[in-house]
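# Observations on chain architecture
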Amino acid sequence: MSPLTLAYGNILAPALGPHGFAPERLAGDLSERFRDAHAAVTGAREAGELGFFDLPGDVETRRTVQEVADSFGQWFETLVVVGIGGSSLGARALADALLGLHWNLGSDEDREHYPRLFFLENADPESLRDLMDRVDPRRTLFNIVSKSGSTAETMAQFMVIEGLLSEVLDDEAVAGHLIFTTDPETGVLRRLANERGIPALAVPRAVGGRFSVLSSVGLLPAAVTGVDLAALLEGAAAMVRRCEEPELVRNPAGLFATLLHAAHTEQDRSIHVLMPYADRLRVLALWFQQLWAESLGKAVDREGRRVETGPTPMAALGAVDQHSLLQLLMEGPRDKVVVFLRNRAPEHRVEIPRLHSEIGALSYLGGHELGELLEVERRATAEALRREGRPSLTLELDRLDARGLGEFFMLMQIATVYAGALYGVNPLDQPGVELGKELTYGLLGREGYPVPELQDEDLGGYRI
Ligand code: PA5
């Protein structure tokens, strides 16, 4: 039995009445639709376009990453990962889920002498300064992650860090505090690595940024902090096998993609909310948000027709967002599907003491556990949505461990390429981000990019 299950009763008619899909459709038109998507994805995989499918079996990379991690781990008390988008979110999600939110507050003994782990994503001077003022550069390894080696935010931060390192270390020592994760052959980082002898891990050509969490991008920070890479990749491999099934009702990624696509295109439910009920999984929801948005939001379809399509993913957190978004989910436009994510067995059990027996508003809580409260709230929210005819799906992890997480990452990635086939778009590109990049290059004077004329926001004096 897999540690990861998908419950989809709350999107079907028996539970949801007229707002749900007829279950017969799962063996009918939805199944047919999925069969085509399955065939398209299988074809793309066989053509070598979907490299993320092969990552769980890439024993060589796992071994290299582990060796690099073992050789570095003992020298450094801190690892700083510098990257953005797909070059950061997966590794962050992994770290939060498996190390917990307060890893960096633990003593060396608490961390079993694995390093502290920080991420620099945004080119925000406050974040960079705050962190650099607190770490000892002489005891810190900087992992610069950029597949292209040209992302302005990452490269700018790399240069600032290199400058700061140079203030306290000689050239050779600076190189010893850097490791790159980048394209196997091309790009600035690869060139610098070759010229200066900086160790560099490869992101395979056929693995796009947002599909790279199980490549060296996600594996290195995980290995350096003691995560069981073999279990992570075994979980992913098991999910690949499950999702090879062409029959819709036996394929969890197929069901996830087909039901959400149908909810969007047939019922105008274009907003897909991923709502984990676990603080440690909040970044996982952000990772999904990027994957679903950047892969499926496209102007043109595979035939070149202008479609301007794509669902809007939204990351939420239960039960926190019951006090923020739930009102909208319950009574606002019927344009959403909520995907609950639950960890069945939280590591810690915290019992609520039986205090204040004379106060009814408190005494009912005594004797229950915090995890129980959270789960009861999730079930109550799903039921409240159901009674309002508002659909949901539930993903449940048996345990929050490396294997289960490997399954989750792979499930979502496969669901995304199925969804790409269902929407008829290419889930692997992101042409929409190019124009903003080119304007930025032009504004900063990069060679080959003309200085653009911007229509300022207060053009014509529209500002108060
Ligand atoms: O999914 C993607 O391709 C993007 O989100 C990239 O990961 C992001 O833009 C960072 O790119 P790079 O790794 O080239 O710096």
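Throughout what follows, the structure given in this document is the object of discussion.

### Details of the overall build of the chain
Secondary structure assignment for the chain yields 17 helices and twelve strands. On C-alpha atoms alone, the chain measures out to a radius of gyration of 23 Å, which is about the 23 Å that the 2.2 N^0.38 rule sets for 464 residues. With respect to the three principal axes, the spread of C-alpha positions in the chain is 70 × 65 × 60 Å. Looking at the chain as a whole, 49% of its 464 residues qualify as buried. Looking at the chain alone, contacts between residues at least 24 apart form 75% of all its contacts between residues at least 6 apart. Per element, the accessible surface of the chain, about 21900 Å² overall, is 51% carbon and sulfur.

### Describing the site of the ligand
In the vicinity of the ligand lie 13 residues, with S87, S146, S148, T151 and Q290 positioned nearest. Within the backbone of G86, an N or O atom sits 2.9 Å from an oxygen atom of the ligand. E294 places a polar side-chain atom, nitrogen or oxygen, 2.9 Å from an oxygen atom of the ligand. Here the ligand, which alone exposes 390 Å², has 86% of that area covered by the protein. Residue composition of the shell around the ligand, grouped by class: one nonpolar, nine polar and three charged.

### A few points about the packing of helix α2 (residues 29-46) against helix α11 (residues 252-267)
A pair of packed helices is captured by two measures, namely the crossing angle of their axes and the spacing between those axes. In the contact formed by α2 and α11, the axes pass within 10 Å of each other and the chain directions differ by 115°. In terms of axis orientation, α2 runs roughly perpendicular to α11. In the crossing of α2 with α11, the sense of the turn from one axis to the other is right-handed. Here α2 contributes L30, R33 and F34 to the contact with α11, which in turn contributes G254, T258, L259, H261, A262 and E266.

### Brief notes about the nonpolar core
Counting residues in each nonpolar core, the largest one holds 97 residues, and the members touching the most others are F256, W287 and L395. Per-element accounting of this core gives the leading share, 14 residues, to helix α16 (residues 402-423). Each of two domains, domain 1 (4-47 + 232-429) and domain 2 (51-227), supplies a minimum of three residues to this core. Residue contacts for W287: discarding those within four places in its chain leaves L89, G90, A93, R210, V213, F408, F409, M412 and Q413. Listed in part, the 23 residues of the second largest apolar core include L128, F142, L165 and F180.

### Some thoughts on α16
Here α16 is 22 residues long and its end C-alpha atoms lie 31 Å apart, about the 32 Å a rise of 1.5 Å per residue gives. Across the 22 residues that make up α16, a large majority, 20, are buried. A positive phi of about 75° marks G424, the residue just after α16.

### Re the sheet that holds strand β3 (residues 116-120)
An order of β3-β2-β4-β5-β6 is seen for the five strands of this open sheet, with the pairing classed as parallel. Sheet topology places β3 and β6 (200-202) at the edges, where each strand pairs with a single neighbour. Ignoring which end each strand starts from, the neighbouring axes of this sheet average 20° apart. In this structure, strand β4 (residues 140-145) lies alongside strand β5 (residues 178-182), joined through four bridges in parallel fashion. Directly across from N143, in β5, lies its bridge partner I179. Helix α8 (residues 188-196) contacts β4, β5 and β6 of the sheet and is inclined by roughly 140° relative to β5.

### Re the pattern of salt bridges
Under the defined criterion, the tally for this structure stands at 33 salt bridges. Across the pair D429 and K298 runs a salt bridge, and its minimum N-O distance is 3.0 Å. Pair noted here: D429 is in the loop between α16 and α17 (434-443) and K298 is in strand β8 (residues 298-300), with a separation of 131 residues, a long-range link. Classification of D429 as partly exposed rests on a relative accessible area of 27%. Note that R342 and E396 form a salt bridge whose closest N and O atoms lie 2.4 Å from each other. Of this pair, R342 sits in strand β11 (residues 336-343) while E396 sits in strand β12 (residues 392-397), and the two are 54 residues apart along the sequence. The buried category is assigned to R342, whose relative accessible area is 17%. One salt-bridge network, in which partners are shared between bridges, spans R342, R344, E375, R378, E396 and D398.

### Things to note about the side chain of R210
Looking at where R210 falls in the secondary structure, it is placed in the loop between β6 and α9 (216-224). Within the structure, the side chain of R210 is placed 2.6 Å from the side chain of Q430, a separation counted as a polar contact. In contact with R210, not counting residues within four places along its chain, are G86, W287, Q290, L291, E294, S295, K298, Q413, P427, L428, D429 and Q430.

Cut-off values and rules
- Residues numbered from 1 in each chain as written.
- Predicted model: local features only at pLDDT ≥ 70, side-chain atom pairs only at ≥ 80, totals over all residues.
- Heavy atoms only, no water.
- Helix = DSSP H or I, 4+ residues; strand = E, 2+ residues; numbered from the N terminus.
- Rg over C-alpha atoms; globule rule 2.2 N^0.38 Å.
- Buried < 20%, exposed > 50% of the residue type's maximum accessible area, 1.4 Å probe, protein only.
- Contact = heavy atoms within 4.5 Å.
- Areas by Shrake-Rupley, 256 points an atom, 1.4 Å probe, with all protein chains shown as cover.
- Near = heavy atom within 4 Å.
- Polar contact = N/O pair within 3.5 Å; in protein donor to acceptor, adjacent residues only side chain to side chain.
- Nonpolar A, V, L, I, M, F, W, Y, C, P; charged D, E, K, R; others polar.
- Axes fitted to C-alpha atoms, helices over the stretch in contact; angles between N-to-C directions.
- Parallel < 35°, antiparallel > 145°, perpendicular 65-115°, else oblique.
- Left-handed = near helix turned anticlockwise from the far one by under 90°.
- Core = buried A, V, L, I, M, F, W, Y, C linked by side-chain atoms within 4.5 Å.
- Domains from an automatic or database assignment.
- Expected span 1.5 Å × (residues − 1).
- Pairing = 2+ DSSP bridges.
- Salt bridge = Lys/Arg side-chain N within 4 Å of Asp/Glu carboxyl O.

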